[in-house]
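Topology and contacts: notes
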Amino acid sequence: MTKKGYKLTWSTERNTYETEKVTFAGHFWPFFAFQIYNGKLMGITFLDATLSTPPETLDIVYETFKTRLKTKYKGKEKPNYKDTYSDGITSVDIMQYYTGGEKFISLGYTDENLSNKESIRNIVDL
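Heads up: these notes are all about the structure in this document. (Residues numbered from 1 in each chain as written. Predicted model: local features only at pLDDT ≥ 70, side-chain atom pairs only at ≥ 80, totals over all residues. Heavy atoms only, no water.)

This next bit is on the packing of aromatic side chains. One pass over the full model with this rule turns up 10 aromatic pairs. Taking 5.7 Å as the distance between ring centres and 45° as the angle between the ring planes, the aromatic pair formed by Trp29 and Phe46 counts as tilted. Linking Trp29 in strand 3 (residues 27–37) with Phe46 in strand 4 (residues 40–49), this pair joins segments that are 17 residues apart in sequence. Here Trp29 matches Phe46 in class, with each residue buried. (Phe/Tyr/Trp six-rings, centres within 6.5 Å; stacked < 30°, edge-to-face > 60°. Helix = DSSP H or I, 4+ residues; strand = E, 2+ residues; numbered from the N terminus. Buried < 20%, exposed > 50% of the residue type's maximum accessible area, 1.4 Å probe, protein only.)

Shown next as C-alpha coordinates:
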(Lines give C-alpha, C1' and ligand atoms only; values in the text may rest on other atoms or scores of the structure.)
Protein backbone atom coordinates (compact mmCIF):
# COMPACT_ATOMS: atom_id res chain seq x y z
CA MET A 1 0.00 0.00 0.00
CA THR A 2 2.75 2.44 0.87
CA LYS A 3 4.55 1.64 -2.39
CA LYS A 4 1.39 2.71 -4.22
CA GLY A 5 1.47 6.06 -2.40
CA TYR A 6 -1.14 5.44 0.28
CA LYS A 7 -0.52 6.97 3.69
CA LEU A 8 -1.38 4.36 6.31
CA THR A 9 -2.29 5.13 9.88
CA TRP A 10 -2.63 2.66 12.73
CA SER A 11 -5.88 2.66 14.74
CA THR A 12 -5.33 1.09 18.14
CA GLU A 13 -9.08 1.44 18.79
CA ARG A 14 -9.99 -0.81 15.84
CA ASN A 15 -6.67 -2.70 15.59
CA THR A 16 -6.44 -1.84 11.89
CA TYR A 17 -4.27 -0.02 9.40
CA GLU A 18 -6.35 2.61 7.65
CA THR A 19 -6.18 4.91 4.66
CA GLU A 20 -8.49 7.03 2.58
CA LYS A 21 -9.57 7.31 -1.02
CA VAL A 22 -9.25 3.85 -2.56
CA THR A 23 -10.90 2.69 -5.79
CA PHE A 24 -11.98 -0.96 -5.77
CA ALA A 25 -14.39 -2.88 -7.99
CA GLY A 26 -15.31 0.26 -9.87
CA HIS A 27 -16.27 2.34 -6.83
CA PHE A 28 -14.39 5.09 -5.02
CA TRP A 29 -14.29 4.23 -1.31
CA PRO A 30 -13.47 7.15 0.99
CA PHE A 31 -12.28 4.79 3.76
CA PHE A 32 -10.32 1.55 3.64
CA ALA A 33 -8.94 -0.54 6.52
CA PHE A 34 -7.16 -3.85 6.85
CA GLN A 35 -6.36 -6.15 9.72
CA ILE A 36 -3.26 -8.26 10.19
CA TYR A 37 -3.11 -11.40 12.33
CA ASN A 38 0.31 -12.99 13.01
CA GLY A 39 1.82 -11.14 10.06
CA LYS A 40 -0.88 -12.22 7.58
CA LEU A 41 -3.71 -10.25 6.02
CA MET A 42 -6.86 -11.29 7.88
CA GLY A 43 -9.45 -8.85 6.59
CA ILE A 44 -10.16 -5.74 4.57
CA THR A 45 -13.06 -3.33 4.79
CA PHE A 46 -14.21 -0.66 2.38
CA LEU A 47 -16.60 2.00 3.68
CA ASP A 48 -18.63 4.81 2.12
CA ALA A 49 -21.28 7.09 3.57
CA THR A 50 -23.60 9.95 2.72
CA LEU A 51 -20.92 12.24 4.12
CA SER A 52 -19.05 11.61 0.83
CA THR A 53 -21.58 10.14 -1.60
CA PRO A 54 -25.23 10.99 -2.29
CA PRO A 55 -27.70 8.49 -0.77
CA GLU A 56 -29.11 7.54 -4.19
CA THR A 57 -25.62 6.60 -5.37
CA LEU A 58 -25.01 4.54 -2.24
CA ASP A 59 -28.25 2.66 -2.91
CA ILE A 60 -27.14 1.87 -6.47
CA VAL A 61 -23.67 0.76 -5.36
CA TYR A 62 -25.12 -1.42 -2.60
CA GLU A 63 -27.64 -3.14 -4.89
CA THR A 64 -25.05 -3.58 -7.67
CA PHE A 65 -22.48 -5.15 -5.36
CA LYS A 66 -25.10 -7.32 -3.68
CA THR A 67 -26.21 -8.64 -7.09
CA ARG A 68 -22.62 -9.29 -8.16
CA LEU A 69 -21.87 -11.18 -4.94
CA LYS A 70 -25.04 -13.29 -5.23
CA THR A 71 -24.02 -14.20 -8.78
CA LYS A 72 -20.38 -14.93 -7.94
CA TYR A 73 -21.16 -16.90 -4.77
CA LYS A 74 -24.44 -18.51 -5.88
CA GLY A 75 -25.38 -21.21 -3.39
CA LYS A 76 -22.63 -20.17 -0.97
CA GLU A 77 -24.60 -17.82 1.23
CA LYS A 78 -23.93 -18.26 4.92
CA PRO A 79 -27.26 -19.45 6.35
CA ASN A 80 -27.40 -17.26 9.46
CA TYR A 81 -25.88 -14.10 8.03
CA LYS A 82 -27.70 -11.71 5.76
CA ASP A 83 -25.66 -10.68 2.74
CA THR A 84 -22.62 -12.75 3.72
CA TYR A 85 -21.07 -15.21 1.29
CA SER A 86 -18.30 -17.75 1.68
CA ASP A 87 -16.27 -20.08 -0.48
CA GLY A 88 -14.92 -21.85 2.62
CA ILE A 89 -11.74 -19.76 2.62
CA THR A 90 -12.92 -16.18 2.45
CA SER A 91 -16.12 -14.58 3.74
CA VAL A 92 -17.45 -11.57 1.88
CA ASP A 93 -20.12 -9.32 3.28
CA ILE A 94 -21.97 -6.29 2.02
CA MET A 95 -23.92 -4.18 4.51
CA GLN A 96 -26.05 -1.09 4.45
CA TYR A 97 -26.85 0.62 7.74
CA TYR A 98 -27.63 3.93 9.38
CA THR A 99 -25.86 5.56 12.29
CA GLY A 100 -25.67 9.13 13.50
CA GLY A 101 -28.20 10.16 10.88
CA GLU A 102 -25.96 8.99 8.04
CA LYS A 103 -26.34 6.06 5.65
CA PHE A 104 -23.31 3.78 5.31
CA ILE A 105 -22.35 0.89 3.08
CA SER A 106 -19.45 -1.43 3.72
CA LEU A 107 -17.82 -4.23 1.78
CA GLY A 108 -15.60 -6.62 3.72
CA TYR A 109 -13.44 -9.65 3.02
CA THR A 110 -12.25 -11.92 5.84
CA ASP A 111 -9.87 -14.88 5.85
CA GLU A 112 -12.03 -17.38 7.76
CA ASN A 113 -9.14 -19.45 9.13
CA LEU A 114 -7.27 -16.45 10.53
CA SER A 115 -10.48 -14.93 11.89
CA ASN A 116 -11.27 -18.17 13.73
CA LYS A 117 -7.75 -18.26 15.18
CA GLU A 118 -8.08 -14.68 16.38
CA SER A 119 -11.47 -15.45 17.97
CA ILE A 120 -9.98 -18.43 19.80
CA ARG A 121 -7.07 -16.30 20.99
CA ASN A 122 -9.45 -13.64 22.28
CA ILE A 123 -11.37 -16.26 24.25
CA VAL A 124 -8.16 -17.72 25.66
CA ASP A 125 -7.12 -14.20 26.74
CA LEU A 126 -10.10 -14.17 29.11
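Okay, helix 1 (residues 55–72) next. With 18 residues, helix 1 should reach 26 Å at 1.5 Å per residue; the first-to-last C-alpha distance of 26 Å fits that figure. Along helix 1, the positions that sit buried rather than exposed are Leu58, Val61, Tyr62, Phe65, Lys66 and Leu69. One side of helix 1 carries all its buried residues, which in axial view fall inside an arc of 130°. Among the exposed residues of helix 1, those pointing more than 90 degrees away from its buried face are Glu56, Ile60 and Thr71. Buried residues along helix 1 sit in contact with strand 2 (16–24), strand 3, strand 4, strand 5 (84–86), strand 6 (90–99) and strand 7 (102–111). (Expected span 1.5 Å × (residues − 1). Arc of directions from axis to C-beta. Contact = heavy atoms within 4.5 Å.)

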